Amino acid sequence: MTDRIDLLLARLAARPRLSRRRLVSRSVIAIVLIVAAVGGQLLVGLGASLVVSRIAAAAEGDTYAYVGDVMTARIQAARDTAVDLAETTASAVDLLGASASDREIGLLLLERVQHADGVSAMAVALADGRSCTVVELDDGYLVRGFFADDDGELRGIMVAHDRDGRELPGTMHAEVADDVRGRAWYAAAVASSEAVWVEPDLSPTVTDARGGSGDGAAVVARTENGRTVVLVELDADWMAATLAQVPLEAPATVFLLRDDGTVLAGSPHARVRMRLAGARLDRELTAEDLGLSGLPLEAVAAGRDAVTAVDERVVFQRALGGADAAPWILWVEARPDALAPGISQTTGLVLRIVAAAAVVAAAAGVAVHWLRQDMGRLSAEARLDPLTGLTNRNAHERAAKALLRAARRSGRTAVVVAMDLDGFKALNDTYGHAAGDAALVATARALRGAVRTDDVVSRLGGDEFVCALVIGTPGSAAATAERLREAIIAGVEDDPSVPMAVGVTAGCAVAAACGHDLARTQEAADQALIAGKARGKGRAYSA
């Protein structure tokens, strides 16, 4: 090998000087081309890095909104369920009448607490001073009632039940009379015609039995005649489990606050901080007690989503609830790569782009495309009712407002139709929730088939449906409501999975008559529905 190299060098040396110059020139050109190629790749990599960084910044905002949308949907579902339970229980107790016995009321509340997810206690208070409270214990339930004796004086009874609702022998004993009409939650319910969120307010005896009421939330509702008030308390551990379902790739600290800064609930990780602070302060905790940072709560409560960087952590804040709900603040603290996991992955791809320009740039583009597709799909899930696939309460307002604005600009007539199912509770009670769910799905399918794709069809909760749609003339609003009502009845009857027929009552309002304001129009439709049901169910009524 050495001899061959020496021979090659000798031949090169024997060539004329011009050949050696040519060889050097070619070498220089080759080096320049290599440098240019490497430099070009670096420039392409840097350019791709800038492009991907800008895309990542835009995707970051979408990620924060996605986290807020998912958590808002879950918390709002819990709120709606609690409000519906309070209102329906108040109506059920009121239907029993003034002659209802303490046993009848106690068994009704016990059945509701047994089957309601996330409910730790319920109380019913009557205008004549009678009351009953049911509290879930670790091994059963405690029922406490105050009812009038033959002399008209309140007498109290407390009795324990096992997990199956059976009364435990030897646990009944008398209680000192307690008139709950002096409680703050009773006064709040009487003063409002709508459901009101209040602080949990169990009596000392019941609180001692549970081992302390802790954090949590409660809602009260009354009947229209004011004779019956019902309190529903959400279980603090259940609320913590709900908050723990934040869609992040790493653990996060999540709190739910009132707009005054007091703490409603916290995720399991957050409750460690709450217990430490509670042992030190021995009072209701506030955001300041826990050292929660971010924007002032009054700024968030005004409707701003806030993202704040604090000591290598990111704090996300969002106000929950609209005009008909108490303002709660969602507070989430996590690492930046946890709040925006896709962004962290994109950053890793950007670093690889600088070293391997075109390949990594293409991979980053594909990754960002997948990320945006996944976020779009999950964000869509947060906007839709999981059972029926219709627009849910959170997305309904935005879509319906857009439809009313478009109708006003084009001079066309828009109408809002509110509907609920008559006999839905009887269907649920007789055949179970699977049959009720089948009726809701059949209703949604019938409504989608009866409107155009541009119209808005939403399920607001329970058996409450709302349509916002464009019609020919204001005079056809009632006919449109009746057509939708009949479509639902036919769709439910044709569904073999629904074992009994249900009726439909509808109320409608023309947007132009309400200044094309969605809140006013929907309120008018709701009032037409409520007033119409008082006159007779199974018809369509106009505002």
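Everything numeric here is computed off the predicted structure, so don't read it as measured data. (Residues numbered from 1 in each chain as written. Predicted model: local features only at pLDDT ≥ 70, side-chain atom pairs only at ≥ 80, totals over all residues. Heavy atoms only, no water.)

Draft legend 1. Main features of the overall build of the protein. Each helix and strand in the protein was counted, giving 16 helices and 18 strands. Across the 543 residues of the protein, 45% fall into the buried class. Within the protein, contacts between residues separated by at least 24 positions form 59% of all contacts whose residues are at least 6 apart in sequence. Carbon and sulfur atoms form 55% of the exposed surface of the protein, whose accessible area is close to 27400 Å². (Helix = DSSP H or I, 4+ residues; strand = E, 2+ residues; numbered from the N terminus. Buried < 20%, exposed > 50% of the residue type's maximum accessible area, 1.4 Å probe, protein only. Contact = heavy atoms within 4.5 Å. Areas by Shrake-Rupley, 256 points an atom, 1.4 Å probe, with all protein chains shown as cover.)

Draft legend 2. Structural view of the side chain of Thr480. With respect to the element layout, Thr480 can be found in helix α15 (residues 477-494). Judged by relative accessible area, Thr480 falls into the buried class, the value being 8%. In this view, Thr480 contacts Leu469 and Ile471; residues no more than four positions away in its chain are not counted.

Draft legend 3. Examining the pattern of salt bridges more closely. Scanning the model with the defined rule gives 20 salt bridges in all. For Arg112, the salt bridge identified is with Glu111, shortest N-O distance 3.6 Å. On the basis of relative accessible area, Glu111 is assigned to the partly exposed category, the value being 36%. The shortest N-O distance in the salt bridge between Asp455 and Arg452 comes to 3.6 Å. Residue class for Asp455 comes out buried when judged on its relative accessible area of 10%. Note on Arg452: relative accessible area 44%, which makes it partly exposed. Look at the salt bridges and you will find they share partners, linking Asp162, Asp164 and Arg166 into a network. (Salt bridge = Lys/Arg side-chain N within 4 Å of Asp/Glu carboxyl O.)

Draft legend 4. The arrangement of the sheet that holds strand β11 (residues 306-310) in detail. If you walk across this open sheet you meet the five strands as β10-β9-β13-β12-β11, and the pairing is antiparallel. Every other strand in the sheet has two partners, leaving β10 (263-266) and β11 as the edge strands with one partner each. Strand-to-strand twist of the sheet, defined as the mean angle between neighbouring strand axes without regard to direction, takes the value 20 degrees. Bridge count for β11 against strand β12 (residues 313-320) is five bridges, and the pairing is antiparallel. Of the residues in β12, the one forming a bridge with Val310 is Arg313. Contacts between helix α7 (residues 268-281) and the sheet are confined to β9 (253-258), β10 and β13 (328-334), with β9 contributing the most and set at about 65 degrees to the helix. (Pairing = 2+ DSSP bridges. Axes fitted to C-alpha atoms, helices over the stretch in contact; angles between N-to-C directions.)

Draft legend 5. Geometry of helix α6 (residues 236-243). Taken together, the buried positions of α6 are Ala236, Met239, Ala240, Thr242 and Leu243. Projected onto a plane normal to the axis of α6, the buried residues spread over an arc of 160 degrees and lie on a single side. Where α6 begins, the capping side chain belongs to Asp235, and its oxygen is found 3.2 Å from the backbone nitrogen of Asp237. (Arc of directions from axis to C-beta. Polar contact = N/O pair within 3.5 Å; in protein donor to acceptor, adjacent residues only side chain to side chain.)

Draft legend 6. How the structure looks around the pairing of strand β7 (residues 217-222). Most of β7 is tucked away, with five of its six residues classed as buried. The pairing of strand β6 (residues 196-198) with β7 spans three bridges and is antiparallel. From the neighbouring strand, Val196 faces β7, where its bridge partner is Val220. Pairing between β7 and strand β8 (residues 228-234): six bridges, direction antiparallel. Bridging from a neighbouring strand, Arg222 pairs with Val229 of β8. Hairpin connection between β7 and β8: a loop of five residues separates the two successive antiparallel strands, and Gly226 in this loop has a positive phi of roughly 75 degrees.

Draft legend 7. Focus on unusual backbone geometry. One non-glycine residue with positive phi stands out, namely His516, at about 55 degrees. Checked against the element boundaries, His516 lands in the loop between β17 (503-510) and α16 (518-535).

Draft legend 8. Fine view of empty space enclosed by the protein. Scanning the model with the defined rule gives two cavities of 30 Å³ or more in all. Within this model, the second largest cavity holds a volume of roughly 80 Å³. Lining the second largest cavity, in full, are Ile75, Ala78, Arg79, Leu234, Trp238, Met239, Thr242, Leu243, Leu256 and Trp328. Elements represented by at least two residues in the lining of the second largest cavity include exactly α2 (17-96) and α6. (1 Å grid on protein atoms, 1.4 Å probe; cavity = no way out; pocket = protein on both sides within 12 Å on 5 of 7 lines; lining within 4 Å. Points joined across faces, edges and corners; volume = space filled by probe spheres on them.)

Draft legend 9. How the structure looks around the packing of helix α12 (residues 393-410) against α16. Where α12 contacts α16, the axes come no closer than 10 Å and their chain directions differ by 100 degrees. By the angle between their directions, the pair α12 and α16 is classed as roughly perpendicular. Listed contacts from α16 to His396, Glu397, Ala400, Lys401 and Leu404 of α12 are Leu518, Thr521 and Gln522. Considering only residue class, the contact of α12 with α16 consists of three nonpolar, three polar and two charged. (Parallel < 35°, antiparallel > 145°, perpendicular 65-115°, else oblique. Nonpolar A, V, L, I, M, F, W, Y, C, P; charged D, E, K, R; others polar.)

Draft legend 10. Looking closely at the environment of Gly170. Take Gly170: it is sitting in the loop between β4 (154-161) and β5 (173-175). On a C-alpha basis, the gap between Gly170 and Val159 in space is 8.5 Å, while along the polypeptide they are eleven residues apart.

Draft legend 11. Representation of the pairing of strand β1 (residues 119-126) in the model. Across the eight residues of β1, eight count as buried, placing the element largely inside the fold. Two elements, β1 and β8, share seven bridges in a ladder whose sense is antiparallel. Across the sheet, residue Val124 finds its bridge partner in β8, namely Val230. Alignment of β1 against strand β2 (residues 131-136), held across five bridges, turns out to be antiparallel. Considered in β2, the bridge of Met122 is made with Val134. Joining the antiparallel neighbours β1 and β2 is a turn of four residues, in which Gly129 adopts a positive phi near 100 degrees.

Draft legend 12. Fine view of a negative patch on the surface. Taken together, the side chains of Asp84, Glu87, Glu194 and Glu523 define an acidic patch exposed on the protein surface. Following the sequence through the fold, Asp84 ends up in helix α2. (Patch = residues over 30% accessible without salt bridge, like charges linked within 9 Å, V, L, I, M, F, W, Y side chains within 5 Å. Lys, Arg positive; Asp, Glu negative; His and termini not counted. Charge placed at Lys NZ, Arg CZ, Asp CG, Glu CD.)

Draft legend 13. Just the packing of helix α14 (residues 433-450) against α15, in detail. The N-to-C vectors of α14 and α15 enclose an angle of 135 degrees; their axes lie 8 Å apart at closest approach. In terms of axis orientation, α14 runs oblique to α15. Taken as a pair, α14 and α15 cross one another with a handedness that is right-handed. Residues Ala439, Ala442, Thr443, Ala446, Leu447 and Ala450 of α14 touch α15, and the partners they reach there are Arg483, Leu484, Ala487, Ile488, Gly491 and Val492. (Left-handed = near helix turned anticlockwise from the far one by under 90°.)

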